[in-house]
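Listed below, chain by chain, are the residues.
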Amino acid sequence: MTGFQTALKRPWPKALTVLILLIFFSPSAYSYHIEDNVIVHAQQGGKLMVLQRYNEAIEEFKIGLRLNPYSSLSASLYNNLGIAYQKTRNFPMAISSYQRAIRIHPNFELYYKNLIQTYADARKLSSARNTMRHILSINPEDSEAWYLMGLIFDKMGEKQDARDAFSRFLKLEPESRLAQSARRYL
């Protein structure tokens, strides 16, 4: 019998078994941070966007969102997803993505601007304006609707109406982060 065969016949020390289990099967041995994977997919999606491989970028952004829909990157991922959908001319999905980004981070001007640009690209600015008018007829205190209305009017070249909408927004939200942006239109 070889030394190895003899060792196999001896009782295995329980302490050694526990040590092996702790080393090889501990949570830290195989665990990974979901947030790290979200970042990897966000970065991969960004690289694919630069290469104009928008459909592949969409999939990367969606994977990142599925991994952790509540990460600090979610709003940015939805915005990037919106851009990718916009590039593929899938305007309904782009609009939905920007709306999700706005819901998560309602004080970030870029998301609103991207949303309005998508309405323009889809030739739906008039429809968006009518929707905002309807919302404001029901709730004239909806500051977000006033801000969007200002962006819509500005995009349509109706500068005085845009200023009026931004003024209404500022009366409702004078100290918000978006207020800085609204003041630039006055």
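Here we summarise the structure given alongside this text.

What counts, and at which threshold
Residues numbered from 1 in each chain as written. Predicted model: local features only at pLDDT ≥ 70, side-chain atom pairs only at ≥ 80, totals over all residues. Heavy atoms only, no water. Helix = DSSP H or I, 4+ residues; strand = E, 2+ residues; numbered from the N terminus. Buried < 20%, exposed > 50% of the residue type's maximum accessible area, 1.4 Å probe, protein only. Contact = heavy atoms within 4.5 Å. Areas by Shrake-Rupley, 256 points an atom, 1.4 Å probe, with all protein chains shown as cover. Core = buried A, V, L, I, M, F, W, Y, C linked by side-chain atoms within 4.5 Å. Axes fitted to C-alpha atoms, helices over the stretch in contact; angles between N-to-C directions. Parallel < 35°, antiparallel > 145°, perpendicular 65-115°, else oblique. Left-handed = near helix turned anticlockwise from the far one by under 90°. Phe/Tyr/Trp six-rings, centres within 6.5 Å; stacked < 30°, edge-to-face > 60°. Expected span 1.5 Å × (residues − 1). Arc of directions from axis to C-beta. Nonpolar A, V, L, I, M, F, W, Y, C, P; charged D, E, K, R; others polar.

All right, on to the overall build of the chain then. A count of helices and strands for the chain gives twelve helices and zero strands. Helices and strands appear in the chain in the N-to-C order α-α-α-α-α-α-α-α-α-α-α-α. Within the span of the chain, comprising 186 residues, buried residues form 37% of the whole. Put simply, 46% of the contacts in the chain that link residues at least 6 apart link residues at least 24 apart. Total accessible area computed for the chain in this model is approximately 11600 Å², and 56% of it derives from carbon and sulfur atoms.

In terms of nonpolar packing, the biggest core is built from 46 residues, with Tyr147 and Phe169 touching the most fellow members. Among the elements that take part in this core, helix H10 (residues 143-155) stands out by supplying eight residues, more than any other. The contacts of Tyr147, once residues within four sequence positions are left out, are Glu109, Tyr112, Phe166, Phe169, Leu178, Ser181 and Ala182.

The geometry of helix H7 (residues 91-104) relative to helix H8 (residues 109-121) is characterised by a closest axis approach of 9 Å and an angle of 165° between their N-to-C directions. For the element pair H7 / H8, the angle class is roughly antiparallel. The interaxial crossing formed by H7 with H8 has left-handed handedness. Here H7 contributes Phe91, Ala94, Ile95, Tyr98, Gln99, Ala101 and Ile102 to the contact with H8, which in turn contributes Tyr111, Tyr112, Asn114, Leu115, Thr118, Tyr119 and Asp121.

Below, the discussion takes up unusual backbone geometry. Even without a glycine there, the phi angle at Gln52 is positive, about 60°. With respect to the helices and strands, the residue Gln52 is situated in the loop between helix H4 (34-50) and helix H5 (54-67). A residue is classified by how much of its surface remains accessible, and Gln52, at 58% relative accessible area, is exposed. Phi angles above zero are rare outside glycine, and Arg89 is one such case at about 65°. If you trace the backbone, Arg89 turns up in the loop between helix H6 (74-87) and H7. Taking the relative accessible area as the measure of exposure, Arg89 reaches 57% and is therefore exposed.

Our next topic: the packing of aromatic side chains. If you walk through the whole model with that rule in mind, you get five aromatic pairs. Here the aromatic rings of Tyr147 and Phe166 are separated by 5.5 Å at their centres, their planes lie at 70°, and the arrangement is edge-to-face. Residue Tyr147 is located in helix H10, and its partner Phe166 is located in helix H11 (residues 159-172); the two are separated by 19 residues in the primary sequence. Under the relative-accessibility criterion, Phe166 is labelled buried at 0%.

What follows deals with helix H9 (residues 125-138). With 14 residues, H9 should cover 20 Å at 1.5 Å per step; its first-to-last C-alpha distance of 20 Å lies within 8% of that length. When we look at burial in H9, the residues that qualify are Leu125, Ala128, Arg129, Met132 and Leu136. End-on, the buried residues of H9 take up no more than an arc of 100°, which puts them together on one face. Pointing more than 90 degrees away from the buried face of H9 are the exposed residues Ser137 and Ile138.

At a closest axis distance of 10 Å, the pairing of H9 and H10 adopts a crossing angle of 150°. Classified by the angle between their axes, H9 and H10 sit roughly antiparallel to one another. Every pair of crossing elements has a handedness; the one defined by H9 and H10 is left-handed. Between H9 and H10, the contacting residues are Leu125, Ala128, Arg129, Met132, Arg133, Ile135 and Leu136 on the first element and Ala145, Trp146, Leu148, Met149, Ile152, Phe153 and Lys155 on the second. Classifying every residue of the contact of H9 with H10 gives eleven nonpolar, no polar and three charged.

Coordinates in, geometry out; function isn't part of it.
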